[in-house]
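Examination of the molecular architecture
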Amino acid sequence: MTEPFRRLPDPIVGDDGILKGMSVLTPEAMTTIGGIAIPSSKVIPVIVVPGIMGSNLRATTNKKQPQNGELSAGSPAWRPPNGLTEKVKALLVWKDRNPAQRQRILDGDTLEVDDSGQVTLPDGAEGITIEHLRTRWWGEVHADSYGPLLAALQTNLNSTFLPGVPNRKRQPRPYWDKVMKYDRASWNAADLAPLTEEELEKFAQYQYPVYACGYNWVRSNEFSAERLKNRVLEIIKFWADRKHECKQVIIVTHSMGGLVGRACAKLIPDQILGVVHGVMPALGAPLAYRRIVSGTEQSAPGAGWNDRNTMKGFATIAGDTPEKTTPSMATACGPLELLPNHLYPSPWLFASVRKPDGTIVDVAALQHSNVCDMYRDYDAWFRLIDPSLADPAGKYRKIKDGVKGACDKAVAQAEKFHTKLLDTYYHPNTYAYYGADEDKPSFGKFRWVTDEQRALTDPVKSLLPAGKPMVALQTENRFIQMPEVYKLPVWEILFTPGDQDTSGDGTVSQQSGDGPRGKVRRIFRTTGYDHQGSYANKHMLSLTHHLICKIVQEAK
């Protein structure tokens, strides 16, 4: 039976602004009618900005840049695996990479964004091709993490109402009807007014081409924000040159992409219509400290077998010991900009004692008044960076001040980014949501824990910050020696990293997630998902659609 109607590929916008559709000749016996959807000439592009490690990176192909010391030009340096087969391969590859190789591969000065990653056509997609999506840079970001979000936005934002019927009021498509009637308690926002049909009518006046913008997450978010700014201006110019009305874009961010999006919006606020931030570490995350000083975590309180296996697999790739994480993070501004910044609730770093009944008692706050001074302190036993582990590839041996100088420079850039460039800025038309789930514990504070009960007594506990690190351990633990000038009852103490201690999403603590409160239109404290899967959660995805529609109401 011949189908009565088939949608043809969406028209391509020519340089002159004329839409050009394409069909093929068919036999007279084929009576199927081909149809081309004509989009609105008013355009509001939507740009998805991924989190750290969510952008594909490769060894630079620019011969004017320093070349990667481990990989040939154009070779993938960071390609998060998609699907089980790729995950197994990635585990085997990264498991065998030593610290020096990791440092050379993830050298931000020698990397560029790789746009050749996997692109998956949205389910039921009509009128759009993978080649078309590549021109919107979907290949720059991890397909498993962001492909479904990109696809949902592309499909739903551009299909608001059902085809019209004469003399009848237009009806929202089923997806939008659900968003309008959504149980807003799922967003922890029972008081939030639902979308109205009038708002949906205004929303439907525009088309929303969906783009991605990856970035070199090893380098500072300052440079990533500049890249996003150029991408925004390029997209606006593309549509304006083709006789379409396009003045502003909407930015949707995930995790550290929120820092990139905020910094970009500060540079060009008039070109940004609004921003949606998902699970942004607005104030930084103690987890970043944990991963440098002790390697990537492999467990969490209450984590089941599957979760622990997933965490162990990720730790194998990212580095499960400080010997593996320090070389790739100590001089990498992007990861350093995820550390708790000057706005994070202080103190958050403690020496603690585990009593016989299992309770943890904090006995000494460890951090400096200026948290970045602590990051530059390479002598304290609780130091962030152990210089002896930071340069196994010898990149900094011949430069002035060596690896310590390189670390100082990276920390200074991170400090500048947070205190001078970003600070408390948010675009005025911003919404944000974050996880505060007791079942997804995160590090609100980080504790070095000992079972040495004499550390509960004076003068031991008061002198703990002055302890000195003993021989470097290639493990997650710290073994310290107390000051010898005092006649103390204990001279050497072993500390181990404590567990996650507060509600969150498994990565970002609720303290940091709540950082935008009072500075944005509305912030949503939510539960039911982990950090990486936040946009895969149906409630958060529906909330994102709702918020994009609300942002569009400000369009003029």
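Look a little higher up for the structure.
Presented here is a report on the structure given in the accompanying data block.

What to know about the overall build of the protein chain
For the protein chain, the count of helices and strands is 18 helices and 21 strands. Relative to the compact-globule value of 24 Å for 556 residues, the protein chain shows a C-alpha radius of gyration of 26 Å, a close match. On the principal axes, the C-alpha backbone points of the protein chain span a range of 100 × 55 × 45 Å. The burial tally for the protein chain puts 54% of its 556 residues in the buried class. The long-range share in the protein chain, meaning contacts at least 24 apart out of those at least 6 apart in sequence, stands at 75%. When the accessible surface of the protein chain is split by element, carbon and sulfur atoms take 52% of a total near 25,000 Å².

Quick look at the packing of aromatic side chains
To describe a pair of aromatic rings, you give the distance between the ring centres and the angle between the ring planes. Going through the model one piece at a time under the given rule, you end up with 18 aromatic pairs. When the ring of tryptophan 381 is compared with that of phenylalanine 382, the centres are 5.6 Å apart and the planes differ by 85°; the resulting orientation is edge-to-face. Phenylalanine 382 matches tryptophan 381 in its accessibility class, with the two residues each being buried. Taken together, a centroid distance of 4.6 Å and an interplanar angle of 20° make the contact between tryptophan 381 and phenylalanine 495 stacked.

A short note on the pairing of strand 18 (residues 478–481)
What you see with strand 18 is a clean split: Arg478 and Ile480 sit on the buried side and Phe479 and Gln481 on the side with no burial. Bridge count between strand 18 and strand 19 (residues 492–497): 4 bridges; the pairing is antiparallel. Residue pairing across strands places arginine 478 opposite phenylalanine 495, the latter belonging to strand 19.

A closer look at the pattern of salt bridges
Scanning the model with the defined rule gives 28 salt bridges in all. Across the pair lysine 237 and aspartate 241 runs a salt bridge, and its minimum N-O distance is 2.7 Å. Placement of the pair is lysine 237 and aspartate 241 together in helix 7 (residues 221–241), with a separation of 4 residues, close to one helical turn. With relative accessibility at 35%, the residue aspartate 241 sits in the partly exposed group. As a salt-bridge pair, arginine 354 and aspartate 451 come within 2.8 Å of each other at their nearest N and O atoms. Of this pair, arginine 354 sits in strand 12 (residues 349–354) while aspartate 451 sits in the loop between strand 16 (446–450) and helix 16 (460–463), and the two are 97 residues apart along the sequence. Take aspartate 451: its relative accessible area is 51%, and that puts it in the exposed class. Counted as one network, the salt bridges with shared partners bring together Arg58, Arg79, Glu112, Asp114 and Asp115.

Regarding the sheet that holds strand 5 (residues 46–49)
Spatial ordering of the open sheet is given by 9-5-10-11-14-21, a layout of 6 strands whose pairing is parallel. Each edge of the open sheet is held by one strand with a lone partner, namely strand 9 (210–212) and strand 21 (522–526). Pairs of neighbouring strands in the sheet enclose a mean axial angle of 15°, with direction left out of account. Summarising the sheet, strand 14 (residues 430–435) and strand 21 pair through 5 bridges and their orientation is parallel. Paired with tyrosine 434 across the two strands is arginine 525, which belongs to strand 21.

As for the nonpolar core
By size, the foremost hydrophobic cluster in this structure holds 103 residues, and its most contacted members are Tyr289, Trp448 and Leu464. Tallying contributions element by element places helix 15 (residues 402–422) first for this core, with 8 residues. Beyond its immediate stretch of four places on either side in the chain, leucine 464 contacts Ala351, Val363, Ala364, Trp381, Ala455, Ile480, Met482, Ile493 and Phe495. Counting 48 residues, the second-largest nonpolar core is a separate cluster that includes Val48, Trp138, Leu195 and Leu541.

Topic: the environment of alanine 59
Within the fold, alanine 59 resides in strand 6 (residues 57–59). What makes alanine 59 buried here is its relative accessible area of 1%. Taking the C-alpha atoms as reference, alanine 59 lies 38 Å from glycine 528; in sequence the two are 469 residues apart. With sequence-adjacent residues up to four places away left out, alanine 59 is seen in contact with Asn68, Leu71, Ser72, Ala73, Gly74, Ser75, Ala77, Thr110, Leu111 and Glu112.

Describing the sheet that holds strand 8 (residues 111–113)
Pairing is antiparallel across the open sheet formed by 3 strands, whose spatial order is 7-6-8. Each edge of the open sheet carries a strand with a single partner, namely strand 7 (76–78) and strand 8. Averaged over neighbouring strand pairs, the angle between their axes works out to 45° when direction is ignored. Summarising the sheet, strand 6 and strand 8 pair through 3 bridges and their orientation is antiparallel. Note on strand 8: the bridge partner recorded for arginine 58 is glutamate 112.

Some remarks on helix 11 (residues 322–329)
Across the 8 residues that make up helix 11, a large majority, 7, are buried. Those residues of helix 11 not exposed but buried are Pro322, Lys324, Thr325, Thr326, Pro327, Ser328 and Met329. In the core, the buried residues of helix 11 are packed alongside helix 1 (83–95), helix 2 (99–105), helix 9 (286–294), helix 10 (305–318), helix 12 (333–336) and helix 14 (387–390).

Concerning the environment of alanine 100
Note on placement: alanine 100 falls in helix 2. Given a relative accessible area of 14%, alanine 100 falls into the buried group. If we ignore the near neighbours within four places in the chain, the residues touching alanine 100 are Pro392 and Ala393.

Section: the environment of leucine 195
With respect to the element layout, leucine 195 can be found in the loop between helix 5 (174–180) and helix 6 (197–203). What makes leucine 195 buried here is its relative accessible area of 5%. Taking the C-alpha atoms as reference, leucine 195 lies 17 Å from threonine 430; in sequence the two are 235 residues apart. Ignoring anything within four residues of it in the chain, the contact list for leucine 195 reads Trp176, Val179, Met180, His546, Cys549 and Lys550.

Details of the side chain of aspartate 114
As for its position among the elements, aspartate 114 is in the loop between strand 8 and helix 3 (130–134). Apart from the residues within four sequence positions on either side, aspartate 114 is in contact with Asn56, Leu57, Arg58, Arg79, Gly139 and Glu140.

Cut-offs used in this document
- Residues numbered from 1 in each chain as written.
- Predicted model: local features only at pLDDT ≥ 70, side-chain atom pairs only at ≥ 80, totals over all residues.
- Heavy atoms only, no water.
- Helix = DSSP H or I, 4+ residues; strand = E, 2+ residues; numbered from the N terminus.
- Rg over C-alpha atoms; globule rule 2.2 N^0.38 Å.
- Buried < 20%, exposed > 50% of the residue type's maximum accessible area, 1.4 Å probe, protein only.
- Contact = heavy atoms within 4.5 Å.
- Areas by Shrake-Rupley, 256 points an atom, 1.4 Å probe, with all protein chains shown as cover.
- Phe/Tyr/Trp six-rings, centres within 6.5 Å; stacked < 30°, edge-to-face > 60°.
- Pairing = 2+ DSSP bridges.
- Salt bridge = Lys/Arg side-chain N within 4 Å of Asp/Glu carboxyl O.
- Axes fitted to C-alpha atoms, helices over the stretch in contact; angles between N-to-C directions.
- Core = buried A, V, L, I, M, F, W, Y, C linked by side-chain atoms within 4.5 Å.

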